[in-house]
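One letter stands for each residue in the lines below.
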Amino acid sequence: MESKNSEKAKESDGDSAFEQVARAADIPIYAVMAAFREDPSPMKLNLGFGVYRTEEGKPLLLNAVRQAEQLLVNDLSADKEYLPITGLPEFNKLSAKLIFGADSPAIKENRVSTVQCLSGSGSLRIGADFLAKHYYQHTVYLSQPTYGNHPNFFAAAGLAMKTYHYYDPKTNGLDFQGMLQDLGAAASGAIVLLQASGHNPTGIDPTAQQWEQIRQLMRLKRLLPFFDCAYQGFVMNMDADALPVRMFVADGGECLVAQSYSKTMGLYGERVGALSVVCKTTDVASRVESQLKLLIRPMYSNPPIHGASIVTAILKDREMYSRWVTELKQLTDRIATLRQQLHLALLDRGTPGDWSHITRQVGMFSLTGLNAEQVAFLIKEYHIYMSPDGRINMAGLSSKAVPYLADAIHAAVTLV
Amino acid sequence: MVAAVNVSRFEGVTMAPPDPILGVSEAFKADTDEKKLNLGVGAYRTEELQPYVLDVVKKAENLMLERGENKEYLPIEGLAAFNKVTAELLFGADNSVLKEQRVATVQGLSGTGSLRLAAALIERYFPGAKVLISSPTWGNHKNIFNDARVPWSEYRYYDPKTVGLDFEGMIADIKAAPGGSFILLHGCAHNPTGIDPTPEQWEKIADVIQEKNHIPFFDVAYQGFASGSLDNDASSVRLFATRGMELLVAQSYSKNLGLYAERIGAMNVVCSSSDLAARVKSQLKRLARPMYSNPPVHGARIVANVVGNPALFDEWKAEMEMMAGRIKNVRQKLFDSLSAKDKSGKDWSFILRQIGMFSFTGLNKAQSDNMTNKWHVYMTKDGRISLAGLSLAKCEYLADAIIDSYHNVS
């Protein structure tokens, strides 16, 4: 028997079936993070990945989440049976209420299909696949710039992509005219990806008045809004951060919404999110939902229960919900303070340029305006790691490190 | 205020049919008859027909909570500790494929997600290559390959005349397939038939696969559930690995660790060199990223804690034997009830020969419908019943239903 097997092993010593498989290129931000991990410098700063860190630089498990998990573990009636393809029903209801508002006409009229997905990513992918299969327009407009992984979801779904002006490097603010121009020139019915609040990577959000103009233009051009909501509660407050979505829903029109609880509940690795499709009628919504199921089943059958159970426990209990909102406020206050400290530190050093965008920008990120060479300089000389596009994660900063970062930026701007 | 236009953009979207397997549970829930029995989904139930969370799983979750572990993003390829133990569980910790680092292991969303990753790899790197699936096979296999745009065809497997394996047909169809095809094999406890090749037959299957330069593609969703032994149930995969063959293996912990809703599994690709394995792993990551960015942590940690802890691992083996044992007992009782009640002389012994969670009753669609409509017994239309959802107490009722459907409905 043994000799037979070793003979067979020899026979199969020929070419591998996988010979043509090349090594995939590193994803830029992952490569940066790997370099950070390997950097022995005690001064190193990780401002790359979009994850919240405490003042001590540690990951944070929210108390509300810990409490919810304890409840779940103690619940003897809880089981791990397959969720429906569309996920945990209570989670879906509560998520829809959270983003659309409890008194949303779309919810009251039962014309929203909400399905649990794997965080924002999974929601965007299923939404993209749905549009590729069932929507007549196959072009999606993404902001210039946008979150690094956005193009991948739409490319995988086979949709064509275009960009609309968004970031104005001259002002480090919103290129509103450019945005309106591009959306105005878009083909009728095209899909437009909008970030509801805490724009990643720029930190620049349109004002309420600007959103109203965007809405009017998009409805005129029959453009289909697809909202990415990863920061509801992380920017100003729960309702204000959902305002753009609610404005679009209020006019009776249709839209898609991807929600993520990764940052707002610190549930990153649990992969919790939801895709909502706001439709004209109940009948359309139920047909849409049946088709979403057909897309989900061959991808992963049904979504993971743990994170959704945590979210449900928090959203449905008044006390736990309040606790969560209070904790969120502490996180966002810390980020706001850091923004002020960094801005002040740069003013103190007389660093050339206008750095007011640091406090004007909102949410987790700041697009510093540093160019590629300056970013490389910061990594090499100061061991400060950020996205290649100059985006820094404010939530990865500590008050103690602000002077060091300010020194580094000053050096980069004056020497490079 | 500029309002939106009146007609829905999605007006043309048609209502999709319910999922043939998962839809059964929905129909069962809606049924108010007290005699109802859910033998649809392959989910383990206790004798009291309650869902079962394994003791080791509860212990692991308590440990995890005590440690206060954070919920940071996993790498795209998943939890390293999980990937290590899952490959060891499958191949055996001392297997040369592991020692030589020739296996690319990536955490996937249970069996479905792992199969989908493999399908995406095939579509991208083996354009035009076909996957051969058994006739019949798990209902979702074809959906996965369809959505991944991988062509597939069937190889003969189930022989209704013998209610056994059509081995000649299977070998002939694998031989006839274009060289370099992917052959989807169930590692153990074939779903839906419960019919597994013998060790000798596995050798012959490996022979013809090597001869035609095909690539074996294993779906292992029931390791531990077939014989009660985790190692024995992996023997088909290990046989192929020992021959030095390259292979794909999708794993699921839904059934054997009862982690259905946690969506935890893995895709393993055994390559002929460690460099190839690294390259394949990098591409699997690239395919996973636009699906969900990175996989869920909870189930992975549970598996890593159970399989990686000798005490918990032993406890798990005992619970595994208990679950497989209950199913064997139910199988026996069902056979006994059928034999006692059926006066026609029909030979029901195929039920005893079938392995794993399911029994392929041989009932056709009309007969299966009768099971549901008249007897409130829920099963899939291909005649498959999940013995995991059957209790000793219900065996006689089920036997009555099967006998009636088989003899009185055509």
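Quick caveat, the model's predicted, so the values are computed rather than measured.

A. How the structure looks around the packing of helix H7 (residues 167-176) of chain B against helix H8 (residues 199-211) of chain B. Residue and element names in this part refer to chain B. Two elements in contact, H7 and H8, have axes whose closest approach is 9 Å; the angle formed by their N-to-C orientations is 15°. It follows from the interaxial angle that H7 and H8 lie roughly parallel. H8 is crossed by H7, and the crossing has right-handed handedness. Contacts between H7 and H8 involve Phe167, Met170, Ile171, Ile174 and Lys175 from the former and Gln201, Lys204, Ile205, Val208, Ile209 and Glu211 from the latter. Looking at the contact of H7 with H8, its residues break down into 7 nonpolar, 1 polar and 3 charged.

B. Up close: the UniProt feature "domain: Aminotransferase class I/classII large" (unreviewed entry) in chain B. Look at the UniProt record and you will see "domain: Aminotransferase class I/classII large" (unreviewed entry) annotated at residues 35-402 of chain B. This span, residues 35-402 of chain B, is 47% helix and 14% strand, and a straight line between its end C-alpha atoms measures 15 Å.

C. Region of interest: the domain arrangement of chain B. Residue and element names in this part refer to chain B. Here chain B is partitioned into domain 1 (21-52 + 324-408) and domain 2 (73-308). With centres defined by C-alpha atoms, the gap from domain 1 to domain 2 works out at 28 Å. With 19 residues of domain 1 at the contact, the number on the domain 2 side is 21 residues. Taken together, both faces of the contact between domain 1 and domain 2 bury some 1,500 Å²; the carbon and sulfur share is 64%. Remark: the boundary between domain 1 and domain 2 carries 0 salt bridges. Sorting the residues of the side of domain 1 that touches domain 2 by element identifies helix H13 (310-341), helix H14 (350-353) and strand E11 (358-360) as the ones contributing at least two each. The residue inventory of the side of domain 1 that touches domain 2, partitioned by class, reads 10 nonpolar, 5 polar and 4 charged.

D. Here's a closer look at the confidence of the model for chain A. Model confidence for chain A is summarised by a mean pLDDT of 94, while 97% of its residues fall at 70 or above. The low-confidence segment residues 1-13 of chain A (pLDDT under 50) makes 11 contacts with residues lying over four places distant or belonging to another chain.

E. Looking closely at the pattern of salt bridges. Residue and element names in this part refer to chain B. For the coordinates displayed, the defined rule picks out 46 salt bridges over all chains. Aspartate 33 is the salt-bridge partner of lysine 35, the closest N and O atoms lying 3.5 Å from each other. Relative accessible area serves as the criterion here: at 39%, lysine 35 is assigned to the partly exposed category. Under the relative-accessibility criterion, aspartate 33 is labelled partly exposed at 21%.

F. Molecular detail of the sheet that holds strand E2 (residues 112-117) of chain A. Residues and elements named next belong to chain A. Ordered in space as E2-E10-E9-E8-E7-E3-E4, the 7 strands form an open sheet in which the pairing is mixed. Every other strand in the sheet has two partners, leaving E2 and strand E4 (160-165) as the edge strands with one partner each. When strand polarity is set aside, the average angle formed by the axes of neighbouring strands in this sheet is 25°. Bridging between E2 and strand E10 (residues 273-278) involves 6 bridges; their strand directions are antiparallel. Within E10, the residue paired with threonine 114 across the bridge is serine 276. Sitting on the sheet, helix H10 (residues 238-250) touches strand E7 (191-195), strand E8 (224-229), strand E9 (255-260) and E10, and the angle it makes with E8 is about 150°.

Rules of the game
- Residues numbered from 1 in each chain as written.
- Chains lettered and ligands numbered in written order.
- Predicted model: local features only at pLDDT ≥ 70, side-chain atom pairs only at ≥ 80, totals over all residues.
- Heavy atoms only, no water.
- Axes fitted to C-alpha atoms, helices over the stretch in contact; angles between N-to-C directions.
- Helix = DSSP H or I, 4+ residues; strand = E, 2+ residues; numbered from the N terminus.
- Parallel < 35°, antiparallel > 145°, perpendicular 65-115°, else oblique.
- Left-handed = near helix turned anticlockwise from the far one by under 90°.
- Contact = heavy atoms within 4.5 Å.
- Nonpolar A, V, L, I, M, F, W, Y, C, P; charged D, E, K, R; others polar.
- UniProt positions renumbered as here; feature names shortened; annotations may be inferred.
- Domains from an automatic or database assignment.
- Buried area = accessible area lost by both parts, 1.4 Å probe.
- Salt bridge = Lys/Arg side-chain N within 4 Å of Asp/Glu carboxyl O.
- pLDDT = per-residue confidence, 0-100.
- Buried < 20%, exposed > 50% of the residue type's maximum accessible area, 1.4 Å probe, protein only.
- Pairing = 2+ DSSP bridges.

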